[in-house]
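Spelled out from the first residue to the last, the chains are:
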Amino acid sequence: LLNLADAAAVREGFVELLRRAALHAPGARIDGVLIAPMAGKGLETILGTRRDLVFGPMVMFGLGGINVELFGDVAFASAPLSEERAEDLIDRVRGAAQLLAGWRGAPALDRPSLVRALCRLSDFAAAQVEDVAGVEVNPLLVQTCGSVALDAVLHLDDVQ
């Protein structure tokens, strides 16, 4: 449920979710619900890693959400990334630098938080190269102050 403006709306939403669950899955065990703030506005980006058999851990960056499906414009670099290499990775994606800088009167977004996220993800990929096949964060919402991961998937190697 979205746009719950106050505590009363959250309480009503909880009752509604329980009603829906009972309707569609009468035997379901409900242990609780997750309540999170609305993320707000920003630029959806995609960050990812994958283990390449030749190059080792690789980091990916692109414009996220539907943009990655529509344009398929992503860039890759080997991990780990320095801040300078993360900046270069961002600049290799068409339109990313302009959108982050504040396109057509929009406010500038927190590019340094995106650089930090890319560097931390690349450090993780390099450190976990034996156990983690890949990570996808889509979208990472870059805002005027900070960035927030709205969805992420971690791909582990199959345990034999």
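Before reading further, recall that the structure is shown in the block above.
Just so we're clear, the structure is a prediction, and the values are computed from it rather than from any experiment.

Undergrad: I tried to follow the pattern of salt bridges on my own but got confused; where do I start?
TA: Note on pairing: side chains with opposite charge can pair once their charged atoms come close. A full pass over the atoms with the stated rule returns eight salt bridges. Note that Arg 19 is salt-bridged to Glu 16, the shortest N-O span being 2.7 Å. On the criterion of helical spacing, the pair formed by Arg 19 and Glu 16 is a turn pair, its members being three residues apart in helix α1 (residues 7-24). Residue class for Arg 19 comes out partly exposed when judged on its relative accessible area of 46%. The exposure class assigned to Glu 16 is partly exposed, which follows from its relative accessible area of 22%. Two residues, Arg 111 and Glu 87, come together in a salt bridge whose shortest N-O distance is 2.5 Å.

Undergrad: I'm lost on the state of the cysteines in this one. Help?
TA: Two cysteines, two sulfur atoms, one covalent bond between them: this is a disulfide. Applying the stated criterion to the full structure yields zero disulfides. Between Cys 119, a cysteine without a disulfide, and Cys 145, which holds the nearest cysteine sulfur, the sulfur-to-sulfur distance is 18 Å. You can call Cys 119 buried: its relative accessible area is 10%. Overall, Cys 145 belongs to the exposed group, its relative accessible area being 68%.

Basis of the calculations
Residues numbered from 1 in each chain as written. Predicted model: local features only at pLDDT ≥ 70, side-chain atom pairs only at ≥ 80, totals over all residues. Heavy atoms only, no water. Salt bridge = Lys/Arg side-chain N within 4 Å of Asp/Glu carboxyl O. Helix = DSSP H or I, 4+ residues; strand = E, 2+ residues; numbered from the N terminus. Buried < 20%, exposed > 50% of the residue type's maximum accessible area, 1.4 Å probe, protein only. Disulfide = S-S within 2.5 Å.

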